[in-house]
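Chain and residue survey
Each chain, written out:
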Amino acid sequence: MSRYRGPRFKKIRRLGALPGLTNKRPRTGSDLRNQSRSGKRSQYRIRLEEKQKLRFHYGLTERQLLKYVRIAGKAKGSTGRVLLQLLEMRLDNTLFRLGMASTISGARQLVNHRHILVNGHMVDIPSYRCKPRDIITARNEQKSKVLIQNYVDSSPHEELPKHLTLQPFQYKGFVNQIIDSKWVGLKINELLVVEYYSRQT
């Protein structure tokens, strides 16, 4: 199944806030209409919706998300917590969390178009897994710096997670440590996602 490119508000009305999908918010009236129609939800639907939240927020295909669930299942510790850490430490998500892109899809485009360096080396793979002490910078070209400066200036200057540091005037971000799950910027029950995939892994 390919990456979702359809109407974004449709997904937000169904699943709730997905900051990685779009930085816009639907009108409150549309949220209320959706809640009144929802009715009683089955256990399968509850798990499916949690899985869809994760998929659409991070901009993943079904195959990619299943791959991450399998990797998390083989790692030490809680599968759900490891899954969130794997997704949060992706390069596209790290750029988004630093405020160097307005959405995760916008961050993916920056990476694909070779505007981003990690530790001084060009990285054009959005799924690149960031590690502690990684330094993320704009490529040393005016176009790259202007793009990122526009994102930084327009982003809503929210508190950065503890594992990241931004130096906006140098177009530079630092990864200080692996993210703590309490800083994940999405209301999600990751255990339900793991349960959804439990028959497929």
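Whatever comes next refers back to the structure up there.
Predicted, not measured: the structure shown is a model, and the values here were computed from it. (Residues numbered from 1 in each chain as written. Predicted model: local features only at pLDDT ≥ 70, side-chain atom pairs only at ≥ 80, totals over all residues. Heavy atoms only, no water.)

What to know about the overall build of the protein
Regarding its fold elements, the protein presents 9 helices and 5 strands. Overall, the protein shows an N-to-C arrangement of helices and strands of α-α-α-α-α-α-α-β-β-β-α-β-β-α. Put simply, the protein has 201 residues, and 43% of those count as buried. Across the protein, the fraction of contacts at a sequence separation of at least 24, relative to all contacts at a separation of at least 6, is 60%. (Helix = DSSP H or I, 4+ residues; strand = E, 2+ residues; numbered from the N terminus. Buried < 20%, exposed > 50% of the residue type's maximum accessible area, 1.4 Å probe, protein only. Contact = heavy atoms within 4.5 Å.)

Concerning the sheet that holds strand S3 (residues 135-138)
Read across the sheet, 5 strands follow the order S2-S1-S3-S5-S4 without closing on themselves; strand pairing throughout is antiparallel. A strand with exactly one partner marks an edge of an open sheet, and here the two such strands are strand S2 (121-122) and strand S4 (164-167). Sheet analysis places S3 next to strand S5 (residues 172-175), joined by 3 bridges and oriented antiparallel. Across the sheet, Ile136 pairs through a bridge with Gly173, a residue of S5. (Pairing = 2+ DSSP bridges.)

Details of helix H4 (residues 62-74)
Helix length check: H4, at 13 residues, gives a terminal C-alpha distance of 19 Å against a target of 18 Å (1.5 Å per residue), a fit within 8%. Of the residues making up H4, those classed as buried are Glu62, Leu65, Leu66, Tyr68, Val69 and Ala72. One side of H4 holds all its buried residues, which, seen down the axis, span an arc of 160 degrees. Relative to its buried face, H4 has exposed residues pointing more than 90 degrees away, namely Arg63, Lys67 and Lys74. (Expected span 1.5 Å × (residues − 1). Arc of directions from axis to C-beta.)

What to know about the pairing of S4
Note: S4 against S5, 4 bridges, orientation antiparallel. Residue pairing across strands places Gln167 opposite Lys172, the latter belonging to S5. Counted between consecutive antiparallel strands, the loop separating S4 from S5 contains 4 residues, among which Tyr171 sits at a positive phi close to 55 degrees.

With respect to the environment of Tyr197
The residue Tyr197 is located in helix H9 (residues 190-197) in this model. Counting along the chain gives 127 residues from Tyr197 to Arg70, while the straight-line C-alpha distance between them is 9.0 Å. Once residues within four sequence positions are removed from consideration, Tyr197 is found in contact with Lys51, Glu62, Leu65, Leu66 and Val69. Reaching out from Tyr197, the side chain makes a polar contact with the side chain of Glu62 at a distance of 2.5 Å. (Polar contact = N/O pair within 3.5 Å; in protein donor to acceptor, adjacent residues only side chain to side chain.)

Considerations on the packing of aromatic side chains
Under the criterion given, the structure shown has 2 aromatic pairs. Relative to Tyr196, the ring of Tyr44 has its centre 6.0 Å away and its plane inclined at 40 degrees; by these criteria the two rings are tilted. Of this pair, Tyr44 sits in helix H3 (residues 43-58) while Tyr196 sits in helix H9, and the two are 152 residues apart along the sequence. A residue is classified by how much of its surface remains accessible, and Tyr196, at 17% relative accessible area, is buried. With a centroid separation of 5.1 Å and an interplanar angle of 90 degrees, the aromatic rings of Tyr196 and Tyr197 are classed as edge-to-face. Of the residues examined, Tyr197 reaches a relative accessible area of 0% and is grouped as buried. Aromatic ring contacts, followed pair by pair, group Tyr44, Tyr196 and Tyr197 into a single cluster. (Phe/Tyr/Trp six-rings, centres within 6.5 Å; stacked < 30°, edge-to-face > 60°.)

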